[in-house]
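# Overview (structure and organization)
What follows is each chain in one-letter form.
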Amino acid sequence: ENVVIKNWVAKEELNNLYKNCIGFLATARDEDFGLTPVEAMSFGKPVVAANEGGFKETIKNDVNGILIDDIDENKIVKAINDVENNLEKDKNYYLYNNLKQAEKFSVSSFIEKIKSLI
């Protein structure tokens, strides 16, 4: 009853969804990068994702989210419970690390890296 599946939303609604969610769940397999977890992190939200592909580049287990080996529904439930427990202990448990990680993928960071290469 507390899950809503959406197909496409306008940027303003997307920002409100990120702003008001508890965390973000990414279940894609073989994701090459995964922009949506980074977007969620830019709002300070923890991410639960499969421990594979591009997710391993942006999510550090129990630092800014939880990575799941051989993801399945039982492991997703456990990871969500773990996130909730961490947030109950400290509502800002993931905040700083998520904002710091998301900044690495910001437009300004990208521009700086390109300029340094040129």
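Each remark here, short or long, concerns the structure printed above.
These numbers were taken from a predicted model, which means no experiment stands behind them.

Bringing the packing of aromatic side chains into the picture now. Per the stated rule, a full pass over the model turns up 4 aromatic pairs. Each ring, one from Tyr18 and one from Phe43, has its centre 5.5 Å from the other, and the planes form 25°; the classification is stacked. Taken as a pair, Tyr18 in helix α1 (residues 11-20) and Phe43 in the loop between α2 (35-42) and β2 (47-50) lie far apart in primary sequence, 25 residues in all. Taking the relative accessible area as the measure of exposure, Tyr18 reaches 5% and is therefore buried.

The next point concerns a nonpolar patch on the surface. Residues Val107, Phe110, Ile111, Ile114, Leu117 and Ile118 make up a contiguous nonpolar surface patch of about 700 Å² in total accessible area. As for its position among the elements, Ile118 is in the segment after α6 (107-117). Judged by its relative accessible area of 85%, Ile118 is exposed.

Considering the arrangement of structural elements, one finds Glu31 in the loop between β1 (24-26) and α2. For the pair Glu31 and Gly53, spaced 22 residues apart in the sequence, the C-alpha separation amounts to 5.3 Å.

Quick look at the pattern of salt bridges now. In this structure the tally under the stated criterion is 2 salt bridges. Glu13 is paired through a salt bridge with Lys6; the nearest N and O atoms lie 2.7 Å apart. Overall, Glu13 belongs to the partly exposed group, its relative accessible area being 32%. Judged by relative accessible area, which is 44%, Lys6 ranks as partly exposed. In this structure, Asp82 and Lys78 form a salt bridge, with 2.8 Å as the shortest nitrogen-oxygen distance.

Before going further, it helps to examine the packing of α2 against helix α5 (residues 95-103). Interaxial distance between α2 and α5 falls to 7 Å at its minimum, and their mutual angle equals 125°. It follows from the interaxial angle that α2 and α5 lie oblique. At the point where α2 passes α5, the crossing takes the left-handed sense. Across the interface between the two elements, Val38, Met41 and Ser42 of α2 pack against Asn98, Leu99, Gln101 and Ala102 of α5. Across the contact of α2 with α5, the residue classes tally to 4 nonpolar, 3 polar and no charged.

Another aspect to go through is the pairing of β2. Across 3 bridges, the pairing between β1 and β2 is parallel. Along β2, the bridge assignment pairs Leu25 with Val48. Between β1 and its parallel partner β2, the chain crosses via α2, and the hand of that crossover is right-handed. Here β2 pairs with strand β3 (residues 65-68) via 4 bridges, running parallel. Counted as the bridge partner of Val47 is Gly65 from β3.

The next subject is α5. Two residues of an α-helix separated by three or four positions point the same way, owing to the 3.6 residues in each turn. For α5, the full list of buried residues reads Asn98, Gln101 and Ala102. Mapping the buried residues of α5 onto a view down its axis gives an arc of 100°, with all of them on the same face. On the buried face of α5, the contacting elements are α2 and α3 (55-58).

Conventions adopted
- Residues numbered from 1 in each chain as written.
- Predicted model: local features only at pLDDT ≥ 70, side-chain atom pairs only at ≥ 80, totals over all residues.
- Heavy atoms only, no water.
- Phe/Tyr/Trp six-rings, centres within 6.5 Å; stacked < 30°, edge-to-face > 60°.
- Helix = DSSP H or I, 4+ residues; strand = E, 2+ residues; numbered from the N terminus.
- Buried < 20%, exposed > 50% of the residue type's maximum accessible area, 1.4 Å probe, protein only.
- Patch = residues over 30% accessible without salt bridge, like charges linked within 9 Å, V, L, I, M, F, W, Y side chains within 5 Å.
- Areas by Shrake-Rupley, 256 points an atom, 1.4 Å probe, with all protein chains shown as cover.
- Salt bridge = Lys/Arg side-chain N within 4 Å of Asp/Glu carboxyl O.
- Axes fitted to C-alpha atoms, helices over the stretch in contact; angles between N-to-C directions.
- Parallel < 35°, antiparallel > 145°, perpendicular 65-115°, else oblique.
- Left-handed = near helix turned anticlockwise from the far one by under 90°.
- Contact = heavy atoms within 4.5 Å.
- Nonpolar A, V, L, I, M, F, W, Y, C, P; charged D, E, K, R; others polar.
- Pairing = 2+ DSSP bridges.
- Right-handed = clockwise from strand over helix to strand, strands pointing away.
- Arc of directions from axis to C-beta.

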